[in-house]
Amino acid sequence: MFNYLEYIREKNFPHIWCAGCGDGIVLKAILRAIEKSGISLDETVMVSGIGCSSRTPGYVDMNTLHTTHGRAIPFATGVKHGNPKLNVIVITGDGDATAIGGNHLIHAARRNIDITVLLYNNYIYGMTGGQCSPTTPTGSRAATAPFGNIEPPFNTSGLAIAAGASFVARADVYNVANCEKMIAMALAKKGFSLVEILTPCPTAFGRRNKMASPVKLMEWLRDNAVPAAKWKKMTEEERRGRMETGVLMDVDKPEYTAEYEKLVTSLRTGK
Amino acid sequence: MAEEQSASKKPAVIRIKLEWCKGCEICVAFCPKKVLVMEGGKAKVENPGDCIKCMLCELRCPDFAITVE
């Protein structure tokens, strides 16, 4: 048994997330990963934008910041820049981070600033009634795509890799042990890290896509989120419609706040 | 060592906080030993003696409602 009560603001429970929403499963994985990584809660800041996932900081007993839509990463950048000793965790969703906040995401990755972005991908705008997000799969139904989405979705992890993130992983809430492990690795990484966490939205996504029960969506994740080792042995045909999970990118490169500090030191000392 | 073994064989204590349980059924569906059932829209411990303490119900409960000891 893990004592979650040590980490949460119990007075805010039960949380607002719908029955079977995966956001609570992710939150628990985050708390276990934080404990395992041994980081101090006093030196940890959790920043979120707007959306279902962005309600997360309201439930944790640490330094938290609930900001404006799409702008969690800019606020987090400011926090990290102001005090580079802090561990800065961004909680965001597919709508928050890849639509309105898309530019912030790619530029934080390019800059390689040491923040950890935990992106809950539930394939839909859940809070506002199930509109298509940039990650809604082609053919899936949404409030704004009642006959099926004709757009191709973003590969969010691929986007972060292309933009220069030093650590990128994908996880899902069915394989919850891997989810915790990926979050712990991201927390430990010096540099911009992103974990795309696949999580079910029964209310806005499942109901429109013949997976109305939370169990159906968990089964969908079980059958379609594929660990990297198995993924490598699959044919192109088998991979279609499925998602690779595990570490997708892990590279060391100069980190932004460290480089900034070096520049300031060199200008001050003339060396 | 002997003590550790006897500790691991202790029957599981599964607690469900009904005020927080939203009845999503994830714990019931994925319990490998069918320890849990649904009753009145909430999870209920039916066969605690069969529990192997795999912890999957606790880990996957979105509502912080299940603990296994």
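For the structure, check the block above.
About the thresholds
Residues numbered from 1 in each chain as written. Chains lettered and ligands numbered in written order. Predicted model: local features only at pLDDT ≥ 70, side-chain atom pairs only at ≥ 80, totals over all residues. Heavy atoms only, no water. Helix = DSSP H or I, 4+ residues; strand = E, 2+ residues; numbered from the N terminus. Rg over C-alpha atoms; globule rule 2.2 N^0.38 Å. Buried < 20%, exposed > 50% of the residue type's maximum accessible area, 1.4 Å probe, protein only. Contact = heavy atoms within 4.5 Å. Areas by Shrake-Rupley, 256 points an atom, 1.4 Å probe, with all protein chains shown as cover. Pairing = 2+ DSSP bridges. Axes fitted to C-alpha atoms, helices over the stretch in contact; angles between N-to-C directions. Left-handed = near helix turned anticlockwise from the far one by under 90°. Nonpolar A, V, L, I, M, F, W, Y, C, P; charged D, E, K, R; others polar. Arc of directions from axis to C-beta. Core = buried A, V, L, I, M, F, W, Y, C linked by side-chain atoms within 4.5 Å.

Student: Give a description of the overall build of chain A that names residues and reports values.
Tutor: Tallying secondary structure elements over chain A gives 11 helices and 10 strands in all. By the compact-globule yardstick of 18 Å for 271 residues, chain A fits well, its C-alpha radius of gyration being 18 Å. Over its C-alpha atoms, taken along the principal directions, chain A stretches across nearly 65 × 45 × 35 Å. A total of 271 residues make up chain A; the buried ones form 52% of that total. Sequence separation of at least 24 residues holds for 67% of the intrachain contacts in chain A that already meet a minimum separation of 6. Total accessible area computed for chain A in this model is approximately 11,800 Å², and 55% of it derives from carbon and sulfur atoms.

Student: Account for the sheet that holds strand β3 (residues 87-93) of chain A, naming residues and giving values.
Tutor: Residues and elements named next belong to chain A. In spatial order, the strands read β2-β1-β3-β4-β8-β7-β10-β9; together these 8 strands make up an open sheet with mixed pairing. Each of the sheet's edge strands pairs with one partner strand only, and the pair in question is β2 (63-66) and β9 (225-227). Taking the axes of each pair of neighbouring strands and ignoring which way they run, one obtains an average angle of 25 degrees across the sheet. As paired strands, strand β7 (residues 167-172) and strand β10 (residues 243-250) are joined by 4 bridges and run antiparallel to one another. Its bridge partner being in β10, Phe 167 is matched across the sheet by Asp 250. Strand contacts of helix α2 (residues 72-82): β1 (44-48), β2, β3 and β4 (116-121), with the helix running at about 175 degrees to β3, the strand carrying the most contacts.

Student: A description of the packing of α2 of chain A against helix α4 (residues 102-111) of chain A should follow, citing residues and the corresponding values.
Tutor: All names here are of chain A. At a minimum axis separation of 8 Å, α2 and α4 run at an interaxial angle of 35 degrees. Crossing of α2 over α4 shows left-handed handedness. Seen from α2, the contacting residues are Ile 73, Pro 74 and Thr 77; seen from α4, they are His 104, Leu 105, Ala 108 and Arg 111. Partitioned by chemical class, the residues of the contact of α2 with α4 number 4 nonpolar, 2 polar and 1 charged.

Student: Give me α4 of chain A: which residues, what numbers.
Tutor: All names here are of chain A. Within the span of α4, buried status applies to Gly 102, Leu 105, Ala 108 and Ala 109. The buried residues of α4 occupy an angular sector of 140 degrees when projected down its axis, which confines them to one face. Turning to α4, the residues buried within the fold contact α2, α3 (94-100), α5 (156-163) and β8 (193-198). Once α4 ends, the next one or two residues include Asn 112, with phi positive near 55 degrees.

Student: So what about the nonpolar core? Which residues, and what values?
Tutor: Grouped together as the largest cluster of nonpolar side chains are 72 residues, with contacts concentrated most on Ile 30, Leu 31, Ile 183 and Val 195 of chain A. Here this core gets 8 residues from one element, more than from any other, and that element is helix α1 (residues 23-37) of chain A. Ignoring any residue separated from it by four or fewer positions in sequence, one finds Leu 31 of chain A in contact with Phe 2, Tyr 4, Tyr 7, Ile 8, Val 60 and Met 62 of chain A together with Phe 64 of chain B. Listed in part, the 22 residues of the second largest apolar core include Ala 97, Ala 160, Phe 192 and Leu 194 of chain A.

Nothing here speaks to function; it is all geometry.
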